[in-house]
Amino acid sequence: MRLTRSTAAPPPLAGGNRSLRGSICTAILLALLLVLAGCGAEYPQSTINPHSDFAEIIHSLYVSIFWWTMLILAVVWVLLTYVVVKYRRKSEDEQPRQIRGHLGLEIGWTVGPALIVIAIAIPSIQAVFATQRPVSEDAMEVHVTGHQFWWEFHYPEQGITTANELWLPVDQPVNLRLHSNDVIHSFWVPKLGGKRDANPVPAVREGQDPKYNWLYFTPLQTGVFMGQCAEFCGQSHALMAMRVVVDTEEGFQDWVDRWFRSEGADFPTEAADFPSEGADSPSQALAEVAEYAAEYGNGAGDLDGSGVPVVATGNEVLPVQAASTHDDDPLVARGREVFLGSTCIACHAVQGTSAQGVIGPNLTLFGARHTLGAGIMENNRENLIRWIKDPMGMKAAVAMPGVDYPGGNWPATGLSDDEVEAIAVYLLSLK
Amino acid sequence: MSTIGLETPVGREAPAHHEEDTGVWSWITTVDHKRIAIMYFVAATFFFFIAGAKALVIRAQLMFPGQSLITPELYNQFFTMHGTTMIFLVAMPMAVAFFNYLIPLQIGARDVAFPRLNALAFWIFLFGGIYINSSFLFGAAPHASWVGYATLTSPEFSPGQNTNFWLIGLSILGIASIMGGVNFITTIINMRAPGMKLMRMPLFTWMTLVTSFLLITAVPVIGVALIFLGFDRLFGTVFFQPGGGGDPVLWQHLFWIFGHPEVYILVLPAFGVISDVIPTFSKKPLFGYPIVVYAGILIGFIGWGVWSHHMFTVGLGPIADSFFVAATMIIAIPTGVKIFNWLATMWGGSLKFTTAMLFCIGLLAVFTVGGLSGIMHASAPVNLQQHDSYFVVAHFHYVIVGAAMMGLWAGLYYWFPKVRGRFLDETLGKWHFWTTMVGFNLTFFPMHFAGLFGMPRRIYTYSAELNVDIYNQLSTVGAFIFGISSVIMVWNIVKSWRSGEPASANPWGAATLEWATPSPPHHYNFPRIPTVRSREPLWHKQEREEVLAVTMPEPEEEPVMPNPSYWPIVLAGAITLSWALVMTGVWWIIALGMLPVILAMFMWAFEPAFPEGHGH
Amino acid sequence: MSTDATTHAHEGAEHHSHPSASFYVWIGIILAVVTGVEVAIFYIEAMDAYEAPLLVLLSAAKVVLVIMFFMHLKMEPRFLTWVFMAGVVLATFMVGALMVIYHVLPRFGG
Amino acid sequence: MAQAATAAVDEHGHTSTGVSNWKVGFWTFIASECLFFGTLISTYMVYKGRAVVGPYPDEIFDVLHTTISTTVLLFSSLAFVLALHAVQNARKKAGILWLFFVIAMGAVFLYMEGTSYLKYIDYGLTLGSSTFGSAYYVLTGTHKLHVILGIVWIGALIWLLFRDRIPPAKSEQVEIAGLYWHFVDIIWIVIFTLVYLIQ
Ligand code: HEA
Ligand code: HEA
Ligand code: CUA
Ligand SMILES: [Cu+2]
C-alpha cells in the first residue's frame, strides 16, 4: 500500500480563507481515511501488487507517472489556494492592474509540462515495446477463448483443454493466444499483468493469417490469482471471472498428468445400455452430439472454412489412459452413469469418456477447480447441485439448460434430485 | 488604462413597447435564439434528472456486493442509457443552450445565421431524445453500453429492437448536432458586429467556434458508423461481422474517431465559460488571451489524432500504441497552458467569490485531477491495467462532471440575470456549490481505488472477495448527496425565475457585448448594431458609452425579425418518424416514411421567412 | 489567426470578377484529359510500380481544379478555404491513418 | 431565405466576410460532408483486398465503362458552371438549357452505374456477400443518393428559372446548388481513382 498512501499528500496551505481551508482539510482527511481502509485489507485483484514480469513493468511505470502527476497536482493546487486566499476582493472599488499576458511565463508553462510529458512518454513507449517484445522460444503457448460467459483454455503442446481455471508453471514464460467466437471479451488477471482483448477474429482468405491477440508474461510467484473479463460482453459480463493457478514446475506437471488419468477405463463405445434422450443406441447418441456440435458450435462466430477455428478447440477424443476415480463414494459410479446418459454430454467433455461436447466448459479435472460457474462461487457440492438444477438462477443468460427449463438450444434436463446429486458427486470426484 | 464599469445601466423596468407573445404556441413556433436556448436548457435539465435517477439506481445496486435490486439486463439498460443520455441529451445540448443564448449577443448580432434551422435542430434533438428514451416503454432500451461495440450489437447477440433504438436515436441526434454546428460556424464567421475581429471575440465565442468545428467533423464519422451498423442489423451487410470478413475492431476505430473529439466537444464550452467568468470576477482581462485561444484550437485539432488511446487493449501493436501514447500526452500541454493562464488571470486580481466564480475555482481544482488520471491512462502499459476499470469511470466523471458540467453551472449562475433580469439566489447557490463539491468528490474519488483494486466497469454486481465494498458505499452515499445538490439547483432556478432579486443590465460589471443589452434583452437583441473597438468593450469608458448609446435605447422602429414558423417542429417530427420507421427494416415502409419529410421540406421552402415586404 | 475578416471589407466577393465561359471549357477539357491519362496509366503495365501514387496525385490535381475554378473557392474570402480545408485535412488524415493501421503496420508485425 | 435573414440581423445587409450566410453555411456543410465520405472511403480502403469470398474487384470492374460514366459526370460539372455563368449574365434560356444538360448527364451517369450494379449482382456481389460488397455498395450507393438529390434540386431550379424567380441578382441560388453538384463530382473523382483504378 506504499503507493496509495501518497494520494493524500496535502498541498501545504498558507493562512487565509477559513471555509475553503476547512473543506480542503476535510477532503484530505477523507482521502486518508480511504487509504487507511485500504491498508489493512487484502485485494486479490489489485493492479498495484505485481506478481509477474509484465505486471512489474507496468507497476514501476505507474509509480513514476503517479509521482509526476502528484507533483503537477501539488503545483496547481498550491497556486490555486494561494491565489484564492491572497487575492480575495477586499473592497468593491479595488482596481487591480490590468495585465494581459507575459511571454516568458507562457513559454515557461509550455516548456515545463512539455519536459514532463517527455519524461512520462519515453518510459511509457519503452514499456510498450517491453511488454510486446518477441516471444522467447521456450514460451508455453495457451489458446484462450472467451465465451459468453466463460473462459476456455487450450494447451496445444499438452493437448489439454480446460475451462475457467488456467494452470501455469511458475517462472515459465507463457504466451496466451486470445480470441473469441462470439463477442469481445478481455482477459484480465491484474496481478499477472495488463489485460488484452479476446476479439472475434475476422475470417480471412485462403493463405492469409488470421489475426490473434497475444499476451506474453512470466508468472513469478505461485498462488491462485483472480481475474475477470474486462470487456462488457452482455448480460452476465459481471459473472465472467476466472482463476489462474500458478503452480511449481512439478505441480503443473502433476496437473497435466492427472488431466490424462482422470477418467476413462471403460470408454463405453460398446455398451449397449447407453441411454440418451431420444436416442436408440450409443452410437446414435454420439452422432447426435457430433451433429449438434457441428451445428451449434458453428453458431456463434461461424467462419465457414476460413482457416479460423469454428468450434472450440480440443474436441478430438484423446487416447484413453489408466482409470483413476479418486472417490469411493458409490454415488460416483451412479453419477457417472447418469451424466453420460444425459444431455450434459452434448456440451461438456470429460477426458476419456464418451462425453466430448465442446459447447460448454471441458469438465475434466473439474473436482480440482477452486470455483464454479466461471469463477463466481466456491466449487462445492451444495453450489454444484444448485448450479445443475438451476444455472440461470445463478447466472442470467447462461447457455445451459436447467432441470426444468431449456437452455442453449437444449431441452430441460428433467433430472431428479437424486440424479443431480449423483452427477455433482461424480463431477467433484474428477480430480 | 481602462476603468471597470461599475456605473452600469439599470434593467428594463417596463416591458418593451412591442408586447411579446408568451403562449405555448409562441414557444412552439419560435425562431428566436434566446427562446430556443431556454428550451434547450430545460430539456437538457429534464434529461439530466432522468439520467441522474438511473445513476442513483446504479449506485444503489452497487452499494453492497452481490445485491440484486434490479436484474442484470435492466442494469445494462440503465448504465447504457445513463451514459448515452448524459452525453448526448445532457452535456451537449446544455452547452448548445449556452451557444444559442450567447453567441448572437456576444458578437453583436440579432439572431443566428439560420433561425429556422436553429429551431429545427432543437426539435429534432428533443424528439430524438424522447424517441430513444421511449424504448423503456417497450422494455427494449439499449443495453450494449454507450460505445455499442460490435459484435455485441450485431443482430446475433442483440436481437430485438434495443440496439435499433440506440443507433437510430443517435443518428437522429447527429443530424441536429451537424445543423447546430453549421449554424454556429456561419453565425460566428459571418455575423459579427463591425469591429468584432476574430481576436476580439469573447473566449466563449471562440470555444463555440472550435466546438462547432469538432461537431461538423466528428459527428459524420459516427453517423456513417451507425449507418454501417444499421445495415448490418437490417440489411445483412457484413461490415462488423467476423464471419463475413468484417472486423469488429473497425467499429471501435470509427466510434472513437468520433468519440474522442466528442469529449472535447463536451469540455471546450465549459473552458469557454470560465474564460469569460474568471476575468469578470477578477476584474482583470484574461491573461494571455491569444495563447488561450490557440490552445483551444490546438486541443481541438490534436484531439483528432488520439482516438486509439481508448483501444490500447485491442492489440494494435506497439508502433500504433506508441504513436497514440505520444499524441495523447501532448494534449496535456495546451490544456495545462489554459489552466496556468486562468490562474494567472486570477493572480493579482480582485477576486469575488460569487457562486459562478466558486464553480470556476472548483473546476480548476477537480479538472486537474481528472486530466492527470487521463495522463495515466494515456500511458499504454498502465492503461492495460486501468482500462475498463472503475479508474476510468473516475477519470471521465472527474473531467465531464468536474469540468464540463461545473463549467456550465458556472455559466448558469453568471448569465441567469441576463436571461431573466433576476439573480439566482446566492445562498442557495453556495449550498448548491458545496453539496456538489462534497457529493461529487465523495462519489467519484473512491472509484479510483475501486479501479486500482481491480473492479471492472459495467458490472451489475461484484464479488465481496474483491474487498471494494467500502469504496462503493462511499460512492453511493456521495451520489445521493450529489442528487440533493441537483435538486437544490433546480429549486434555485424555479424560485429565482419567479422572485429572484432584480438584476441590472450589467450586474457583474462584465466586459463583453451581451451585457450591453437590457436584462432580459429585446427579442431583437440590439436596436442598432454597435461597433466594437476592443476585446472588453464595456471596460473602456469611452467605448462603453458609445456602445451603450447604440444598444440601450428603445428604437423608434423595431428591427424586422424572422417570422415564427411551425414547419420546424413539423419537419422535425417527420424526420424522427421516418427514421424510426427504419426499425421495420422494410424498404418500402422506409421509403414511404420519407414522404412527410419531403412534404414538410417543400412547405418550409415556400414559407416566407420574413414578414411581407421584408424578404428579398 | 491573422486571417481576420473585418466587417466592411468585402474581400473580392463580387461576382463579375468571374472568368469567362471559355475558361471553364478549358478547365473541363483539362479535367477530361487528366482522366484519360489516369486510365492510360491503369492500362499500361509498365507503370504498375508507380501507379498508386501517380493516380492519387493526378486525381488530387483534378479535385483542386474543380474546387478552385468550378466552385471558385479561389475567388472567395480566405475564410471559406480554411473551413473547407479543415474538412479535407481531417478526412485525409483519417483515411491515411486507418490505411496505415490496417495495411502498413501489420507488415511490421504490428 | 437566409439572404433575407442576413438583412434582418444586420441593418446594413453586411456580413463580416462579405459573402452571404448561405454560402458560408454551405461550405461548412461541405466540410462536414468531406468527413462523411471520408469515413465511407476509409472503410472501403480498410477492407480492400480482404474480401473472403469473391467476386473480387478485378473480376468484375469494367474500367472503360466506368471511365465513360465518370467523364459524363465530369462534363455535367462543366455544364453547371456554364449554366451559372449564363444565369449570372441574365441569359435565362441558356441557363435552363445547360441545367437540362446537367440533369441529363446526371441521369446517364445513374443509368450507367445502375446497369453496372445489375451486372455485379449477376456476378454474385451483393450487400452481404463480402466486406467488399458491403463497402462498395454503401459507398457508391450513398454517392448515387447524392446525385439523385442533386437532380431533384436542379429540377427545382429549372422550374424557378422558368417562372422568372431567379434574376441575376439571385443567381446565388444556382451557385449554391452548383457547389453541391461539383462536390458530388469531386467525390466521384476520388472514388473513381481509389476504387476502380487502384485495385
Ligand atoms: C470532458 C471530457 C474529457 C476530457 C476533457 C478528457 C481528457 C483527457 N482524457 Fe479522457 N475520457 C473521457 C472524457 C474526457 N477525457 C471519457 C468519457 C472517457 C471514457 C469513455 C468510455 O470508455 O466510456 C475517457 C477515457 C480516456 C482514456 C481511455 C481510458 C480507457 O478506457 O482505457 C484515456 C486514455 O488515454 C483518456 C485520456 C485523456 C487525456 C490524456 C485527457 C487530457 O485532455 C487531459 C489533459 C489535462 C491535464 C493533463 C491536466 C492539466 C494539465 C496541466 C496542469 C499541465 C501539466 C500536465 C502534465 C505535464 C501531464 N481518457
Ligand atoms: C455528462 C456525463 C455524465 C454525468 C453528468 C454523469 C453523472 C453521474 N454518473 Fe455517470 N457515466 C457517464 C456519463 C455521465 N455520468 C458515461 C458516459 C458512463 C459510461 C456508460 C457506459 O459504460 O456505457 C457513465 C457511467 C457511470 C457509472 C458506471 C456504470 C458501470 O460501468 O457499471 C456510474 C457508477 O457509479 C456512474 C455514476 C454517475 C453518478 C452517480 C452521476 C451523478 O453525477 C449524477 C447526479 C445527478 C443526479 C443524481 C440527478 C438528480 C436526480 C434525482 C435527485 C432523482 C430524482 C428523480 C426524478 C425526479 C425522476 N456513471
Ligand atoms: Cu466477457 Cu465481459
Ligand atoms: Cu479519449
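Every value quoted in this text rests on a predicted model; they were computed, and no experiment measured them.

1. A few points about the overall build of chain D
Helix and strand content of chain D: seven helices and zero strands. Each helix and strand of chain D, ordered N terminal to C terminal, gives the series α-α-α-α-α-α-α. Seen along its three principal axes, the alpha-carbon backbone of chain D occupies a region of about 65 × 35 × 20 Å. Here chain D, with 199 residues, has 66% of them falling under the buried criterion. Looking at chain D alone, contacts between residues at least 24 apart form 77% of all its contacts between residues at least 6 apart. For chain D, the exposed surface amounts to about 6500 Å²; the carbon and sulfur share of it is 69%. Placing the 11 positive and 12 negative side-chain charges of chain D at their respective mean positions leaves the two points 8 Å apart.

2. As for the overall build of chain B
Looking only at helices and strands, one finds 18 helices and zero strands in chain B. In summary, chain B has a C-alpha radius of gyration of 24 Å against a globular reference of 25 Å for 616 residues, a match within 12%. Considering only C-alpha atoms, chain B reaches an extent of 70 × 60 × 45 Å along its principal axes. Counting contacts in chain B only where the partners sit at least 6 residues apart, residues at least 24 apart contribute 82% of the total. Counting only carbon and sulfur atoms, one obtains 71% of the accessible surface of chain B, whose full area is about 17200 Å². The centroid of the 28 positive side-chain charges in chain B is displaced by 6 Å from the centroid of its 31 negative side-chain charges.

3. Some words on the sheet that holds strand 1 (residues 140-147) of chain A
All names here are of chain A. Taken in spatial order, the five strands line up as 3-2-1-5-8 in an open sheet, and their pairing is mixed. The sheet terminates laterally at strand 3 (160-163) and strand 8 (213-217), the two strands that pair on one side only. Looking at each pair of strands side by side, their axes are set apart by 25 degrees on average, direction ignored. Bridge count for strand 5 (residues 174-180) against strand 8 is five bridges, and the pairing is antiparallel. Residue pairing across strands places asparagine 175 opposite tyrosine 216, the latter belonging to strand 8. Taken strand by strand, helix 5 (residues 249-261) contacts strand 1, strand 2 (150-155) and strand 3, and its axis lies near 100 degrees from that of strand 3.

4. Looking at the interface of chain B and chain A
Across the boundary between the two partners, chain B contributes 108 residues, which contact 104 residues of chain A. Taking both partners together, chain B and chain A bury about 8700 Å²; carbon and sulfur atoms supply 67% of that area. Among the residues of chain B in contact with chain A, Phe340, Gln385 and Phe453 of chain B are the three that bury the most area, contributing 8% of the side total. Our enumeration of links across chain B and chain A arrives at three salt bridges. Between lysine 352 of chain B and glutamate 92 of chain A there is a salt bridge, with the nearest N and O atoms lying 3.8 Å from each other. In this assembly, chain B and chain A are joined by 33 residue pairs in polar contact (both at pLDDT 80 or more). A per-element tally of the side of chain B that touches chain A places helix 10 (residues 332-346) of chain B first, with nine residues. Split by residue class, the side of chain B that touches chain A holds 63 nonpolar, 32 polar and 13 charged.

5. Some words on the coordination of the iron atom of ligand 1
Reference values for coordination geometry: four tetrahedral donors around a metal ideally subtend 109.5 degrees, six octahedral donors ideally subtend 90 or 180 degrees. Coordination of the iron atom of ligand 1 by the protein involves just one donor, His395 of chain B (NE2), at a distance of 2.2 Å. Here the copper ion (ligand 4) and the iron atom of ligand 1 are spaced 4.5 Å from one another.

6. Remarks on the nonpolar core
Formed by 402 residues in total, the largest nonpolar core has its most connected members in Tyr155 and Phe187 of chain A, Phe125, Trp251, Met346 and Leu412 of chain B together with Tyr136 of chain D. The dominant element in this core, judged by the number of residues it contributes, is helix 3 (residues 72-107) of chain B, at 22 residues. Residues within four places of phenylalanine 125 of chain B in sequence aside, it is in contact with Tyr40, Ala43, Phe47, Phe88, Leu89, Pro93, Leu173 and Ala176 of chain B. Grouped together as the second largest cluster of nonpolar side chains are 29 residues, Val338, Leu363, Met400 and Tyr426 of chain A included.

7. A short note on the site of ligand 2
Residue and element names in this part refer to chain B. Neighbouring residues of ligand 2: 33 residues in total, closest Arg59, Tyr75, His82, His397 and Arg458. A distance of 2.8 Å is found between an oxygen atom of ligand 2 and a side-chain nitrogen or oxygen belonging to arginine 59. Within the backbone of tryptophan 146, one N or O atom sits 2.9 Å away from an oxygen atom of ligand 2. Counting only elements with at least two residues in the shell around ligand 2, the list comes to helix 2 (33-61), helix 3, helix 13 (390-420), helix 14 (426-452) and helix 15 (469-499). Top element by residues in the shell around ligand 2 is helix 2. It accounts for eight residues. Considered class by class, the residues forming the shell around ligand 2 number 22 nonpolar, eight polar and three charged.

8. What to know about the environment of threonine 35 of chain C
For threonine 35 of chain C, the location among the structural elements is in helix 1 (residues 21-43). Overall, threonine 35 of chain C belongs to the buried group, its relative accessible area being 2%. Residues threonine 35 of chain C and valine 63 of chain C, spaced 28 residues apart in sequence, show a C-alpha to C-alpha distance of 11 Å. Once you skip the residues sitting within four places of it in the chain, threonine 35 of chain C turns out to touch Lys62 of chain C together with Leu74 and Phe192 of chain D.

9. A short note on the packing of helix 7 (residues 248-282) of chain B against helix 11 (residues 355-378) of chain B
Residue and element names in this part refer to chain B. Where helix 7 contacts helix 11, the two axes come as close as 9 Å, and the packing angle between them is 125 degrees. Taken as axis vectors, helix 7 and helix 11 run oblique relative to one another. The handedness of the crossing between helix 7 and helix 11 is left-handed. For the pair formed by helix 7 and helix 11, the contact residues are Val267, Phe271, Ile274, Val277, Ile278, Phe281 and Ser282 on the first element and Ala356, Met357, Cys360, Leu363, Leu364 and Phe367 on the second. Considering only residue class, the contact of helix 7 with helix 11 consists of 12 nonpolar, one polar and no charged.

10. Things to note about the sheet that holds strand 9 (residues 223-228) of chain A
Residues and elements named next belong to chain A. Pairing within the open sheet is mixed, and its three strands lie in the order 4-10-9. Two strands lie at the open edges of the sheet, namely strand 4 (165-169) and strand 9, each paired on one side alone. Across the sheet, the axes of successive neighbouring strands diverge by a mean angle of 25 degrees, strand direction being ignored. In terms of strand pairing, strand 4 meets strand 10 (residues 241-247) through five bridges, oriented parallel. For glutamate 165, the partnering residue across the bridge sits in strand 10 and is arginine 243.

11. Focus: the coordination of the iron atom of ligand 2
Residue and element names in this part refer to chain B. The iron atom of ligand 2 binds to the protein through His82 (NE2) and His397 (NE2), with metal-donor distances spanning 2.0 Å. One can describe the site at the iron atom of ligand 2 as octahedral: its six donor atoms subtend angles covering 87 to 180 degrees at the metal. Taken together, the residues histidine 82 in helix 3 and histidine 397 in helix 13 connect sequence positions 315 residues apart. Across the pair, histidine 397 and histidine 82 agree in class, each one buried.

12. Things to note about the interface of chain D and chain A
With five residues of chain D at the contact, the number on the chain A side is four residues. Between chain D and chain A the total buried area reaches about 360 Å² when both faces are included, carbon and sulfur atoms providing 46% of it. Among the residues of chain D in contact with chain A, Gly49, Val52 and Tyr56 of chain D are the three that bury the most area, contributing 83% of the side total. At the junction of chain D and chain A, the tally comes to zero salt bridges. Residues of the side of chain D that touches chain A, tallied by class, amount to three nonpolar, one polar and one charged.

13. Description of the confidence of the model for chain D
Residues and elements named next belong to chain D. Per-residue confidence for chain D gives a mean pLDDT of 90, with 93% of residues at or over 70. Mean pLDDT across the elements of chain D ranges from a minimum in helix 1 (residues 2-9), with 39, to a maximum in helix 2 (residues 21-46), with 96. Scored below 50 in pLDDT, residues 1-12 makes 36 contacts in the model with residues more than four places away or belonging to other chains.

14. Description of the pattern of salt bridges
Residue and element names in this part refer to chain B. A full pass over the atoms with the stated rule returns 20 salt bridges over all chains. A salt bridge links glutamate 426 to lysine 430, with the shortest nitrogen-to-oxygen separation between them at 3.6 Å. In this pair, glutamate 426 and lysine 430 are both assigned in helix 14, four residues apart and thus about one turn of the helix distant. The exposure class assigned to glutamate 426 is partly exposed, which follows from its relative accessible area of 25%.

15. Some words on the environment of valine 201 of chain A
All names here are of chain A. With respect to the secondary-structure elements, valine 201 resides in the loop between strand 7 (196-198) and strand 8. Look at valine 201 and you get buried, because its relative accessible area is 3%. Along the sequence, valine 201 and leucine 178 sit 23 residues apart, while their C-alpha atoms lie 9.5 Å from each other.

16. What to know about unusual backbone geometry
Most peptide bonds take the trans form, and the phi angle of most residues other than glycine is negative. Residue threonine 151 of chain B follows alanine 150 of chain B across a cis peptide bond; omega there is 5 degrees. One can find threonine 151 of chain B in the loop between helix 4 (115-134) and helix 5 (162-190). Phi at asparagine 164 of chain A is positive, roughly 65 degrees, even though this residue is not glycine. Tracing the sequence through the fold places asparagine 164 of chain A in the loop between strand 3 and strand 4. According to the relative accessible area criterion, asparagine 164 of chain A is buried, its value standing at 6%. Residues other than glycine seldom take positive phi values, yet asparagine 525 of chain B does so here, at roughly 65 degrees.

Conventions used here
Residues numbered from 1 in each chain as written. Chains lettered and ligands numbered in written order. Predicted model: local features only at pLDDT ≥ 70, side-chain atom pairs only at ≥ 80, totals over all residues. Heavy atoms only, no water. Helix = DSSP H or I, 4+ residues; strand = E, 2+ residues; numbered from the N terminus. Buried < 20%, exposed > 50% of the residue type's maximum accessible area, 1.4 Å probe, protein only. Contact = heavy atoms within 4.5 Å. Areas by Shrake-Rupley, 256 points an atom, 1.4 Å probe, with all protein chains shown as cover. Lys, Arg positive; Asp, Glu negative; His and termini not counted. Charge placed at Lys NZ, Arg CZ, Asp CG, Glu CD. Rg over C-alpha atoms; globule rule 2.2 N^0.38 Å. Pairing = 2+ DSSP bridges. Axes fitted to C-alpha atoms, helices over the stretch in contact; angles between N-to-C directions. Buried area = accessible area lost by both parts, 1.4 Å probe. Salt bridge = Lys/Arg side-chain N within 4 Å of Asp/Glu carboxyl O. Polar contact = N/O pair within 3.5 Å; in protein donor to acceptor, adjacent residues only side chain to side chain. Nonpolar A, V, L, I, M, F, W, Y, C, P; charged D, E, K, R; others polar. Donors = N, O, S within 2.8 Å, 3.2 Å for Na, K, Ca; no water. Core = buried A, V, L, I, M, F, W, Y, C linked by side-chain atoms within 4.5 Å. Near = heavy atom within 4 Å. Parallel < 35°, antiparallel > 145°, perpendicular 65-115°, else oblique. Left-handed = near helix turned anticlockwise from the far one by under 90°. Tetrahedral: all angles 85-135°; square planar, octahedral: opposite > 155°, others 65-115°. pLDDT = per-residue confidence, 0-100.

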